[in-house]
Amino acid sequence: FGMRTMIDSYGILAIWLAMFFDYLWRKSKPAFIGLFLVSGFLVFVNFYQTRQAMVCRIHFDSMTYGAYKKVFLTHKLHLTKEEWEALLDPPDYEAAGKGKRFW
């Protein structure tokens, strides 16, 4: 949720994306509608998961695939602290501090 290095290119990418949508609109309306719906869903998922990250439903560094499956597009998550700890896998910060790889 933080590709800040790409922000500078958003303007140029938006122009190309608009040109692509315009091309599809002119050539194939069903393809345009399909791409528009998929794009709309992906924008929704992005906003929703950003909100989940803000309220700590998506952990910033310890998410596992199992934990992600549990919280994917869920509004309420009723897990105890022990269940969360079983799902999350925190990195070894001490090893990282010594210059060792932790992945």
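Procedures and definitions
Residues numbered from 1 in each chain as written. Predicted model: local features only at pLDDT ≥ 70, side-chain atom pairs only at ≥ 80, totals over all residues. Heavy atoms only, no water. Helix = DSSP H or I, 4+ residues; strand = E, 2+ residues; numbered from the N terminus. Rg over C-alpha atoms; globule rule 2.2 N^0.38 Å. Buried < 20%, exposed > 50% of the residue type's maximum accessible area, 1.4 Å probe, protein only. Contact = heavy atoms within 4.5 Å. Areas by Shrake-Rupley, 256 points an atom, 1.4 Å probe, with all protein chains shown as cover. Patch = residues over 30% accessible without salt bridge, like charges linked within 9 Å, V, L, I, M, F, W, Y side chains within 5 Å. Salt bridge = Lys/Arg side-chain N within 4 Å of Asp/Glu carboxyl O. Phe/Tyr/Trp six-rings, centres within 6.5 Å; stacked < 30°, edge-to-face > 60°.

A count of helical and extended segments in the protein chain gives five helices and zero strands. Reading the helices (α) and strands (β) of the protein chain from amino to carboxyl end gives α-α-α-α-α. Its C-alpha atoms give the protein chain a radius of gyration of 19 Å, clearly above 13 Å, the size a compact globule of 103 residues would have. If you line up the protein chain on its principal axes, its C-alpha atoms span 55 × 35 × 20 Å. In the protein chain, which comprises 103 residues, the proportion classed as buried is 16%. Of the contacts formed within the protein chain by residues at least 6 apart in sequence, a portion of 39% connects residues at least 24 apart. Of the roughly 8,700 Å² that the protein chain leaves accessible, carbon and sulfur atoms contribute 66%.

Our focus in this paragraph is the side chain of Gln52. Within the fold, Gln52 resides in helix α2 (residues 29–54). Residue classification places Gln52 among the buried positions, given a relative accessible area of 3%. Discounting chain neighbours no more than four positions away, the residues touching Gln52 are Arg57, Ile58, Val71, Leu73 and Thr74.

The next thing to look at is a nonpolar patch on the surface. On the surface, a nonpolar cluster with roughly 370 Å² of combined accessible area is contributed by Met6, Ile7, Tyr10 and Leu13. Its location among the elements puts Tyr10 in helix α1 (residues 10–27).

Here the structure, examined in full by the defined rule, presents five aromatic pairs. With 4.9 Å between their ring centres and 75° between their planes, Trp25 and Phe32 make a pair best called edge-to-face. Judged by its relative accessible area of 41%, Trp25 is partly exposed. Seen in terms of ring centroids, Tyr68 and Phe72 are 5.6 Å apart; in terms of plane orientation they differ by 50°. Their pairing is tilted. Through pairs of rings, three or more aromatic residues link up here, namely Phe21, Trp25, Phe32 and Phe36.

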